[in-house]
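# Structure assessment
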Amino acid sequence: MKKSLSIIIPNYNGKSLLEAYLPSVLAAATHINMPFEVIVADDASRDDSVTFLQENYPEIIVLINAENKGFSYTCNRGIEVARYELTFLLNSDVRLTENYFDQQWQYFQNEDTFGVMGRIMTADGSRIEDAARILFRKGCRLKANKFYYSKDPKDNSTYTAYLSGANALVDTKKLKELGGFDEIYSPFSSEDADLSLRAWLLGWKCYYEHQSVCFHQVGASTKTQVKLRFMKKIYFRNRFIFHSIHLTGFRARIWPYYLLLIEILPKVLLGKSWIINSYKDYLRYSRQIEVSKNNILSLKTKYHSKLEVQNIIDLINKSVTEKPVTYL
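For the structure given in this document, a descriptive report is provided here. Chains are numbered independently. Their residues run from 1 in the order of the written sequence. Predicted model: local features are reported for residues with pLDDT of at least 70 only, side-chain atom pairs are reported and counted for 80 or more only, and whole-chain, interface and lining totals are derived from all residues. Excluded from the side-chain calculation are hydrogens and water; included are all heavy atoms of the structure.

## Re the overall build of the protein chain
Here a strand is any run of E in DSSP of at least two residues, a helix any run of H or I of at least four, and the numbering for each starts at the N terminus. The number of helices and strands found in the protein chain is 10 helices and 12 strands. The quantity called the radius of gyration is restricted to C-alpha atoms. Its globule counterpart is 2.2 Å times the number of residues to the power 0.38. Taken over the C-alpha trace, the protein chain has a radius of gyration of 19 Å; the compact-globule value for 328 residues is 20 Å, and the two agree within 12%. Each principal axis of the C-alpha distribution contributes one length, and for the protein chain these read about 55 × 50 × 40 Å. Partly exposed residues are those whose accessible area sits between 20% and 50% of the maximum for their type, while under 20% is buried and over 50% is exposed, using a 1.4 Å probe and protein chains only. Burial status across the protein chain gives 55% buried among its 328 residues. We call two residues in contact whenever any of their non-hydrogen atoms come within 4.5 Å of each other. Relative to all contacts within the protein chain whose residues are 6 or more apart in sequence, the contacts with residues 24 or more apart total 79%. Under this rule, positive means Lys or Arg and negative means Asp or Glu; His and the chain ends count for nothing. For charged residues, the charge sits on one atom: NZ in Lys, CZ in Arg, CG in Asp, CD in Glu. One way to put it: in the protein chain the 43 positive side-chain charges average out to a point 9 Å from where the 35 negative ones average out.

Now the structure itself:
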């Protein structure tokens, strides 16, 4: 049941995080007793990250961006060179338990599995930060901020709307077929939701395993590097892009008006003028949005998929009603 493993860790000025968390990653990888590789994709760090890796972990593959490109681009460089059956996408600020992968191999017995993620706890273990997500609509918006997990410890059929980019174990062949993360979302935000939804639309399932536990130093990889205002601008710009790509039918037709009247105008009236910059930036991506939409349609044609987002919503919701779950 075990498979070989490529671990991809994006890094930007994260020497202290690598010092703290790489040992746990290597311990978990060694524990599987299968071939593995660790690839650190460095996004033009200005600290001593690369030197630290080269001096202390010569067995790790280090890829170096010539300039800072953001999360999607950086992860994709690692995905391109990944050699093994499964790829583990991991943030540099995550500590793994040694047996982290033990409960995850079973999911890949199914041909239609795209990937599985584990339970993400806060660094001190006091609460669950991320679990399985339910997909639902709120007006024109697609939301996945309702968390749940199955009360049955042996349940291996808990769906999640998307796999967190912080700890996603995925089928390498399928990941490469999707082209990795869509770099339209660079430098960060929404890329993991988009990747998982594209997989779902091809009929590839995303799962959550509650017995696999890791610990996340919340915000450590970004909050000291970018200002809050810039983060908000990018977050909302990418949310607009995500919906433009994935909305279809009537909702796609009314989206431009919904966006202005429901998303932009209320925030402007509340004095949140920064949203205008998000909107202006979003408008510059119209051509790239069409490319992303066409890429999805091409893959759906290739895999003979007629699935739509509503089918994914219905499937996840139906599965939740058929098992005992805890909502967070």
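## Some points on the nonpolar core
Take the buried residues of types Ala, Val, Leu, Ile, Met, Phe, Trp, Tyr and Cys, join any two whose side-chain atoms come within 4.5 Å, and each joined set is a nonpolar core. If you look at the biggest cluster of nonpolar residues, it comprises 96 residues, and the most contacted ones within it are Ile7, Phe88, Leu96, Phe101, Phe114, Leu135 and Ile316. The domain limits used here are those given by an automatic or database domain assignment. Both domain 1 (5-216) and domain 2 (225-303) contribute no fewer than three residues apiece to this core.

## As for the packing of aromatic side chains
For this analysis, a ring pair means two rings from Phe, Tyr or Trp (six-membered ring only for Trp) whose centres lie within 6.5 Å, classed as stacked if their planes differ by under 30 degrees, edge-to-face if by over 60, and tilted for the remaining angles. Taken as a whole and assessed by the stated rule, the structure comprises 19 aromatic pairs. Between Phe88 and Phe101, the aromatic rings sit 4.9 Å apart at their centres with planes inclined by 80 degrees, giving edge-to-face as the arrangement. In this pair, Phe88 is assigned in strand 4 (residues 86-90) and Phe101 in the loop between strand 5 (94-96) and strand 6 (113-122), connecting sequence segments 13 residues apart. Relative accessible area serves as the criterion here: at 0%, Phe88 is assigned to the buried category. Geometrically, the ring pair formed by Phe236 and Phe240 is tilted, given 6.4 Å between the ring centres and 55 degrees between the ring planes. Taken together, the positions of Phe236 and Phe240, both in helix 6 (residues 228-246) and four residues apart, correspond to about one turn of that helix. In terms of burial, Phe236 and Phe240 fall into one category: buried. By way of ring pairs, the aromatic residues Tyr235, Phe236, Phe240, Trp274, Tyr279 and Tyr282 are connected into one cluster. One Lys or Arg, Arg77, reaches over the ring of Tyr73 and ends 4.0 Å from the middle of that ring. The criterion is that NZ of a Lys, or CZ of an Arg, lies within 6 Å of the ring centre and within 35 degrees of the ring normal, and then a charge sits over that ring. Its end group placed over the ring of Phe136, Lys146 keeps NZ or CZ at 4.4 Å from the ring centre.

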